[in-house]
Amino acid sequence: MRRSLPRVQQATLTLLAVAFAAIAAGAIAQQARGPSLDVPFVPTPPEVVERMLQMVNVGRDDFVIDLGSGDGRIAIAAAKKGARALGVDIDPQRVREAQENARRAGVKDKVTFRRQNLFETSIREATVLTMYLLPDVNMRLRPRILDELKPGSRVVSHAFDMADWKPDDYAEIGYRRIYMWVVPAKVAGRWRLESGPESFTLTLEQLYQTIDGSAQIGGKTVQISDGSLRGTEIAFALPDGRKFRGRVVGDGMESLPVAAGSDKAPTSWRATRTAS
């Protein structure tokens, strides 16, 4: 004799069946709509777009890549400022909309929109990278940003940061947050610094744009202070009061003018990376 299930169990099984059916229907509908999106389309307000581009100082010499470009408003705004721009989005509907918006704005010769997965998009040529993504997407992109973009390139993100990589600039418009970073040069390691007749070893440690380290001068090890790095520009000081400000160029550094009033600052110096 077949025994029937209690009513509570029957009701539970019915709810589960409905839930699984809804999940399956959603999956089928998603396949019919097209590719899965890493980030839903939520447009950035015009005033936030303008502030983002102000923070990275977009100009005619820039190539802007907007990851997850949606209707194209950020890339189009950059093109209106004279920059070349590329917007990428995985949603074909958004790409078509962005192309039409560029045509209407009169900048279709300065901006290109491409249907592409943002994780497969080359960013090496960008001088400015703009994003309105999600925290986990930012974190997946962070290693590429640090490795592929040239030092001094600027990155600006609407709403979400990049964890322990602290922004170089930050702004709020109402409840909306904007983060901006300057991609730092890679300076960790050992350098041979020369200033006039003097020469000494400089050992640097680096966490993004923050630097620390020591110098071996006259047989003694001294700690550097006031270390900073903004793109390719580096600055630090020695305990004797000397302040160094320079530019990183590949495996070398060269001095830049120092602020007035630093009577102990060297007029010129240079450094070369050495083997560890």
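Residues numbered from 1 in each chain as written. Predicted model: local features only at pLDDT ≥ 70, side-chain atom pairs only at ≥ 80, totals over all residues. Heavy atoms only, no water.

### Regarding the pairing of strand β14 (residues 243-249)
As a reminder, the rule being used: At least two DSSP bridges between two strands are needed for those strands to be called paired. Runs of H or I in DSSP of at least four residues are treated as helices and runs of E of at least two as strands, each being numbered from the N terminus.
With five bridges connecting them, strand β13 (residues 233-237) and β14 associate as antiparallel partners. Counterpart to Phe236 in the pairing with β14 is Phe244. Linking β13 to β14, which pair antiparallel, is a turn of five residues; within it Gly241 sits at a positive phi near 100 degrees. Both β14 and strand β15 (residues 252-255) contribute to a ladder of four bridges, which runs antiparallel. Within the sheet, the bridge partner assigned to Val249 lies in β15 and is Gly252. Taking the residues that link successive antiparallel strands as the turn, the β14-β15 hairpin has two residues, and the phi of Gly250 there is positive, at about 60 degrees.

### Considerations on the sheet that holds strand β5 (residues 154-158)
Under the convention used in this document: Axis angles are defined between N-to-C directions and span 0 to 180 degrees, where every axis is a line fitted to C-alpha atoms and, for a helix, only to the segment in contact. Contacts were defined at the residue level, with two residues in contact if any of their heavy atoms lie within 4.5 Å.
Strands sit in the order β3-β2-β1-β4-β5-β7-β6 across an open sheet of seven strands; the sheet is mixed. Of all strands in the sheet, those with a lone pairing partner are β3 (111-115) and β6 (169-173), marking the two edges. Adjacent strand axes in the sheet meet at a mean angle of 15 degrees when their direction is disregarded. One ladder, built from five bridges, connects strand β1 (residues 63-67) with strand β2 (residues 84-89); its direction is parallel. Residue pairing in the sheet places Val64 in a bridge with Ala85 of β2. Its contacts with the sheet put helix α3 (residues 73-80) on β1, β2, β3 and β4 (128-131), and the angle it makes with β3 is roughly 160 degrees. The strands touched by helix α4 (residues 92-105) are β2 and β3; relative to β3, the strand with the most contacts, the crossing angle is about 170 degrees.

### Observations regarding the packing of helix α2 (residues 46-55) against α3
So the rule is basically this: Working rule for angles: under 35 degrees goes down as roughly parallel, over 145 as roughly antiparallel, 65 to 115 as roughly perpendicular, anything else as oblique. Crossing handedness: left-handed means the near helix sits turned counterclockwise from the far one by under a right angle, and right-handed means the same turn made clockwise. The nonpolar class holds Ala, Val, Leu, Ile, Met, Phe, Trp, Tyr, Cys and Pro. Asp, Glu, Lys and Arg form the charged class, and all remaining residues, Gly among them, are polar.
Orientation of α2 relative to α3, taken along the N-to-C sense of each, is 55 degrees, at an axis distance of 10 Å. When the interaxial angle is binned, α2 and α3 end up oblique. With respect to the hand of their crossing, α2 and α3 are arranged in right-handed fashion. Where α2 approaches α3, its residues Pro46, Val49, Met52 and Leu53 are matched on the opposing element by Arg73, Ile74, Ala77 and Ala78. Here the contact of α2 with α3 is composed, by residue class, of seven nonpolar, no polar and one charged.

### Observations concerning the packing of aromatic side chains
Definition in use: Two rings from Phe, Tyr or Trp (for Trp, the six-membered ring) form a pair when their centres are within 6.5 Å of each other. A pair whose planes differ by under 30 degrees is stacked, one over 60 is edge-to-face, and the rest are tilted. Throughout this description, buried means an accessible area under 20% of the type-specific maximum (1.4 Å probe, protein chains only), exposed means over 50%, and partly exposed covers the range between.
Here the structure, examined in full by the defined rule, presents eight aromatic pairs. Residues Phe200 and Phe244 carry aromatic rings whose centres are separated by 6.4 Å and whose planes lie at 85 degrees to one another, so their mutual orientation is edge-to-face. Separated by 44 residues along the polypeptide, Phe200 in strand β9 (residues 198-207) and Phe244 in strand β14 bring together distant segments of the chain. Residue Phe244 is classed as buried on the basis of its relative accessible area, which comes to 1%. Here Phe236 and Trp269 contribute two aromatic rings whose centre-to-centre distance is 6.1 Å and whose plane-to-plane angle is 75 degrees, an arrangement assigned as edge-to-face. With Phe236 in strand β13 and Trp269 in the loop between β15 and β16 (270-274), this residue pair connects regions lying 33 residues apart in the sequence. Phe236 sits in the buried class, given a relative accessible area of 2%. Of the residues examined, Trp269 reaches a relative accessible area of 4% and is grouped as buried. In textbook terms, an aromatic cluster arises when at least three aromatic residues are bridged by ring pairs, as seen for Trp165, Tyr170, Tyr179, Trp181 and Tyr208.

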